[in-house]
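As a plain string of letters, each chain reads:
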Amino acid sequence: MKIIEELKSIQQDMFTQLPAEVLNVMGNSLSEMLTQNLDCHAIKSGDTAPDFSLVATNNQKIELYKLLETKPVILSFFRGSWCPFCVKELEHFNKNLKLILDNQDVHFIAISPQKPDINAQLIQEHNINLTILSDTGNQIAKQYGLVFTLPENVRNLYKNLGANLPDFNGDDSYQLPIPATYIIGQDKKVIFSYINVNYMERADTSELIKVLKKD
């Protein structure tokens, strides 16, 4: 199943389960974000990918440029385990990762601002066999031009839905990354970028496979 179909199913569940006033706040907030050009400074195809060093949930130190010495890297930024669209995206990658690897030898890493223990819990609860890194304070996401601050009128709404961001991220900045997926070549150049302020939409693995086949 294409990820767009899986994400539409989540949207339909939201429409039937959440009160109209909640849906209105979320819809208005998303509409406003879409008009703000929040991704104007994001790293895109053709740019050099900034290097970084972060620790995975298994305490392994991961360095982007060291990974690139052996293989290209698929890099995915996600908001958090409280976001059903992010969880579905990770499950989609997890399910289709073998398909990607069968087409080209490549590393895959995902990054969120969540605390390491929250990421570890996400991996365990959803049986995800992916490398997930904790980007404390969104320092790496800032280098990639992806960070925005959640509007104040949405913060309590998220909290009431079980997503109190300070608990998940360990700070009260209410900053999040715009969901983004990159393929970075061994020359450190971005050869594919999918950045979408609309967090309800994500890149399908079939798009990644097409790019990797051409590379």
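Residues numbered from 1 in each chain as written. Predicted model: local features only at pLDDT ≥ 70, side-chain atom pairs only at ≥ 80, totals over all residues. Heavy atoms only, no water.

A positive phi angle, close to 50°, is found at asparagine 127, a residue other than glycine. On the secondary structure map, asparagine 127 appears in the loop between helix 5 (116–125) and strand 5 (131–134). Since its relative accessible area comes to 65%, asparagine 127 is described here as exposed. Despite not being glycine, asparagine 138 shows a phi value in the positive range, around 55°. The topology assignment puts asparagine 138 in the loop between strand 5 and helix 6 (139–143). (Helix = DSSP H or I, 4+ residues; strand = E, 2+ residues; numbered from the N terminus. Buried < 20%, exposed > 50% of the residue type's maximum accessible area, 1.4 Å probe, protein only.)

Buried within helix 5 are the following residues: Ile118, Asn119, Leu122 and Ile123. Summarising the axial view, the buried residues of helix 5 lie within an arc of 140°, below the 170-degree limit, and thus occupy one face. Summarising the geometry of helix 5, the exposed residues directed more than 90 degrees from the buried face are Gln124 and Glu125. Within two residues after helix 5, asparagine 127 carries a phi angle of roughly 50°, on the positive side. (Arc of directions from axis to C-beta.)

Right, let's get into the packing of aromatic side chains. Applying the stated rule across the entire model yields seven aromatic pairs. Between phenylalanine 52 and tyrosine 144, the aromatic rings sit 6.5 Å apart at their centres with planes inclined by 65°, giving edge-to-face as the arrangement. Here phenylalanine 52 is found in the loop between helix 2 (20–35) and strand 1 (53–55), whereas its partner tyrosine 144 is found in the loop between helix 6 and strand 6 (147–149), with 92 residues between them in sequence. Judged by relative accessible area, tyrosine 144 falls into the buried class, the value being 0%. (Phe/Tyr/Trp six-rings, centres within 6.5 Å; stacked < 30°, edge-to-face > 60°.)

Helix 7 (residues 152–160) packs onto helix 2 with a crossing angle of 135° between their chain directions and a minimal axis gap of 10 Å. In this view, helix 2 runs oblique relative to helix 7, as classed from their interaxial angle. As for how helix 2 packs across helix 7, the hand of that crossing is left-handed. Seen from helix 2, the contacting residues are Val22, Val25, Met26 and Ser29; seen from helix 7, they are Asn153, Val154 and Leu157. Residues that form the contact of helix 2 with helix 7 fall into these classes: five nonpolar, two polar and no charged. (Axes fitted to C-alpha atoms, helices over the stretch in contact; angles between N-to-C directions. Parallel < 35°, antiparallel > 145°, perpendicular 65-115°, else oblique. Left-handed = near helix turned anticlockwise from the far one by under 90°. Contact = heavy atoms within 4.5 Å. Nonpolar A, V, L, I, M, F, W, Y, C, P; charged D, E, K, R; others polar.)

On to the sheet that holds strand 8 (residues 180–184). As summarised here, the arrangement of the five strands in space is 5-4-3-8-9, forming an open sheet in which the pairing is mixed. The open sheet is flanked by strand 5 and strand 9 (190–195), the only strands paired with a single partner. This sheet shows a mean twist of 20° between the axes of neighbouring strands, independent of strand direction. Strand direction decides the pairing type here: strand 4 (residues 107–112) and strand 5, joined by four bridges, are parallel. If you follow serine 112 over to strand 5, its bridge partner there is serine 134. (Pairing = 2+ DSSP bridges.)

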